[in-house]
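Each chain, written out:
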Amino acid sequence: MDTFREAFQSIREGLLSEEDRRLLELSFSSGIAQEDLDAFLESWDLEAAPIQSVMLLAYLKKVHPELAFPEKINPRLKGVLTFCRFQNLKLSSHFHKIAEELRKDGVPFLLLKGGAMKIYRPDFPRWMADMDILVPEEHFNQAVASVTRLGYESFKSAHSHDMRLPGTKENIVDIHRFLHMETGKERLLNDDLFDRARKVRMFSSEGLVPCPEDMVFISLVNFWNNVSYRTSAGSVVSAFFDIKYLVDSTPGFDWDMVRSDALKTGSANEVCLSTIILDSFVPDVLPKAFMAFDGDLKRTDLVVKRAAYNRDILFPLREKIGDFNIPATIRSGRNLWEYLLLRARFFFLKRMRP
């Protein structure tokens, strides 16, 4: 148990910087005063802050319009928001072509994560590295073929294919055959997600978005994935705002549906751990009764230890390796033997994972 507590505490403490924690507190404070904001900004080096921290400041400004923000922050804030808008416009242009091609080929798809939240909350600032879609598994190969036909290149993983701009590492759309959870039961939720989805206009096209309860479940699962693999710092901080918005804007929000999703997919432990972390930073975004639902304690211990192993051992090594692509490594002029040794070590350590 001590090892579990130490691993869990290490994960939590390494998740957010002190500045990001303070920005979250200010954003979700019902009694924030102007002097609280002024005191924070006075000691914060905005110019040196990473993009997710600047986005947190943009969220704070959005949810507390009554506060006065000093003129000196506007150039940096405006620059980041302009960059995000440019990136989102570029993605939406690509996405429109892809969505129309899928529609023409009769491939249904469900928009996930940040892209779906942009539909739910279009006026909220958001950084999106790519778009994520889920397709029925029987349509998966057709979906990849359709997008490849448009000229995008496919980069494979077990649960999805990243579709990239040719000759680059720039992802445009990630096509999922199921949600990534590492439970072996992910596919059991696919039909429910499509059955409960809403058909909407999106980025000058048409498609499906999950219902609010499924969106919250996906956010919690994705939060734990990002925590476990040190990926998408922007998604980590936006999860607080996304979940609160979805819950508060949905009359009669059904937490039992979220619980059912977790139990059906065998991800109750991951979902419970996500809610505990979220609540530890911003209390009362999720109901206490939901956070307290029982999970398999032995598996919870395994999930935490595996996440700590991923974060501290596998992820840093994965970053050193880059893409698992031997031809690209040769073309880059990188030392091939060093690359192969790192890759062999990664797969050995992955097999040794708890």
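A quick note: this is a predicted structure, and the numbers were derived from the prediction, not measured.

Caption draft 1: Examining the packing of helix α9 (residues 212-229) against helix α11 (residues 255-264) more closely. Interhelical geometry of α9 versus α11 gives an angle of 45° and a closest axis separation of 9 Å. On the basis of the axis angle, α9 is oblique to α11. The hand of the α9/α11 crossing is right-handed. Where α9 approaches α11, its residues E213, D214, V216, F217 and L220 are matched on the opposing element by W255, M257, V258, D261 and A262.

Caption draft 2: Geometry of the pattern of salt bridges. Within the structure shown, the criterion is met by 18 salt bridges. The shortest N-O distance in the salt bridge between E137 and R187 comes to 2.7 Å. Taken together, the residues E137 in the loop between β2 (131-134) and α7 (140-149) and R187 in the loop between β5 (171-176) and α8 (190-195) connect sequence positions 50 residues apart. The partner of D261 in a salt bridge is R196, with the nearest N and O atoms 2.9 Å apart.

Caption draft 3: Fine view of the packing of helix α4 (residues 51-63) against helix α5 (residues 74-104). Running from N to C, α4 and α5 cross one another at 100°; their axes reach a closest spacing of 10 Å. The angle between α4 and α5 falls in the class roughly perpendicular. Contacts between α4 and α5 pair I51, V54, M55, L57, A58 and K61 from the former with N74, R76, L77, V80, L81, F83 and C84 from the latter.

The rules behind these values
- Residues numbered from 1 in each chain as written.
- Predicted model: local features only at pLDDT ≥ 70, side-chain atom pairs only at ≥ 80, totals over all residues.
- Heavy atoms only, no water.
- Axes fitted to C-alpha atoms, helices over the stretch in contact; angles between N-to-C directions.
- Helix = DSSP H or I, 4+ residues; strand = E, 2+ residues; numbered from the N terminus.
- Parallel < 35°, antiparallel > 145°, perpendicular 65-115°, else oblique.
- Left-handed = near helix turned anticlockwise from the far one by under 90°.
- Contact = heavy atoms within 4.5 Å.
- Salt bridge = Lys/Arg side-chain N within 4 Å of Asp/Glu carboxyl O.

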